[in-house]
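# Structural description and commentary
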Amino acid sequence: MILLLAGAILTTATPPAAAPYEVVRAGDRAMACPQLIAEINDINRQLQAQQVRQTTSMSRATSGMMRGGGMGAGDMVLGSIAGFVPFGGTVLSMGRQAQMAASRQKMTDQMEVMQREAMEMMPVRERLDHLMELYEAKTC
């Protein structure tokens, strides 16, 4: 009885799956040139916005990695102080290695996000190709 209630709660709590993106839609061939142009331009804006987001995000990730690998003034002071502390140089080196590893991981994570976003946009790109074919066939 308890298992049935728990199962019922889980099935009602699960949100419904989103409808798949329709690349080809009923009525596409009946679209007039202005309608095709409007949707093509809208899709282009979506794709450009995604590209800007990815470029900005990647720029942040790479600049963080570049900063992590450089010797700033603070690093130089720490390096000179570390020479007076037993094993200070080793600890400082380990800290720099950890910082670089974190930067590399952040970059890897960002690349994975970009790949996932690109895969999610594939149907949108396919729709754009489909609309462009219709546009060319109508000789708008």
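Just so you know, the residues in each chain are numbered from 1, in the order the chain's sequence is written. Selection of residues for local features in this predicted model requires a pLDDT of at least 70, selection of side-chain atom pairs for listing and counting requires 80 or more, and totals for whole chains, interfaces and linings are taken over all residues. To get the side-chain values, all heavy atoms of the structure are used, and hydrogens and water are removed first.

### A short note on the packing of aromatic side chains
Each Phe, Tyr or Trp ring (for Trp, its six-membered ring) is paired with any other whose centre lies within 6.5 Å, and the angle between the two planes then decides the class: stacked below 30 degrees, edge-to-face above 60, tilted in between. One pass over the structure, following the stated rule, counts zero aromatic pairs. Above the face of the Tyr21 ring, Arg25 is positioned so that its terminal group lies 5.1 Å from the ring centre. Only when the NZ of Lys or the CZ of Arg is both within 6 Å of the ring centre and within 35 degrees of the ring normal is a charge said to sit over the ring.

### Some details on the side chain of Gln50
Along the chain, Gln50 falls in helix H2 (residues 33-69). Type-normalised accessible area, obtained with a 1.4 Å probe on protein chains alone, sets the label of each residue: buried when under 20%, exposed when over 50%, and partly exposed for intermediate values. By relative accessible area, which is 3% here, Gln50 ends up buried. Two residues form a contact once any of their heavy atoms are found within 4.5 Å. Excluding anything up to four places from it in sequence, Gln50 contacts Glu117, Ala118, Met121 and Arg125. Here a helix means four or more residues in a row that DSSP labels H or I, a strand means two or more in a row labelled E, and each is numbered from the N terminus.

### Regarding the side chain of His130
Position of His130 among the secondary structure elements: in helix H5 (residues 122-138). The contact partners of His130, leaving out residues within four places of it in the chain, are Val23, Val24 and Asp28.

### Considerations on the nonpolar core
As used in this record, nonpolar core signifies buried Ala, Val, Leu, Ile, Met, Phe, Trp, Tyr and Cys residues forming a set joined through side-chain atoms within 4.5 Å. If you look at the biggest cluster of nonpolar residues, it comprises 10 residues: Met31, Leu36, Ile40, Ile43, Leu47, Met121, Val124, Leu128, Leu131 and Leu134. Of all elements in the fold, only H2 and H5 reach the threshold of two or more residues within this core. Residues in contact with Leu131, not counting those within four places in the same chain, are Met31, Leu36, Glu39, Ile40 and Ile43.

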